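Below, each chain spelled out in residue letters.
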Amino acid sequence: MYVIVDSTGNLVESFDDEREARATLEQIVGEAPQAAEHLALVTYDEHGEPVGDAITFSAHAATH
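Calculation criteria
Along each chain, numbering runs from 1 in the same order as the chain's sequence is written. Residue-level local features of this predicted model are given only where pLDDT is at least 70; pairs of side-chain atoms are given and counted only at 80 or more, and the full residue set underlies all totals for whole chains, interfaces and linings. No hydrogens and no water enter the side-chain calculation; it runs on all heavy atoms of the structure. Burial classification: accessible surface area is computed with a 1.4 Å probe over protein chains only, and a residue below 20% of its type maximum counts as buried, one above 50% as exposed, and the rest as partly exposed. Where helices and strands are cited, they refer to DSSP runs of H or I of at least four residues and of E of at least two residues respectively, numbered from the N terminus. Only when DSSP finds a minimum of two bridges between them are two strands counted as paired.

*Asks:* Tell me about the pairing of strand S1 (residues 2-6), and please be specific about residues and values.
*Replies:* S1 sits mainly inside the fold: four of its five residues count as buried. Two elements, S1 and strand S2 (residues 11-15), share four bridges in a ladder whose sense is antiparallel. In the sheet register, Ile 4 faces S2, and the bridge partner there is Glu 13. Hairpin connection between S1 and S2: a loop of four residues separates the two successive antiparallel strands, and Gly 9 in this loop has a positive phi of roughly 90°. Bridging between S1 and strand S3 (residues 39-44) involves five bridges; their strand directions are antiparallel.

In C-alpha cells form, the structure reads like this:
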C-alpha cells in the first residue's frame, strides 16, 4: 500500500498502485506548490509496517 501523508502525519490519500500514488503527489504539488514541503509518500508492506524511507516531492522530482 502507498499513502500520501502530510507533515502532521494525517492521511491525505492511499493507493494500491505506486505509479498512481506518485502521479497524485505530483498533481497535488502542481496545483499547490507550497504543499511540496508538507507531503510525503510512504510505502507499507502487507503487515501494515512502513517500508524504506518516505519519499518527498523533491526526491520524487529528482527521479523524473
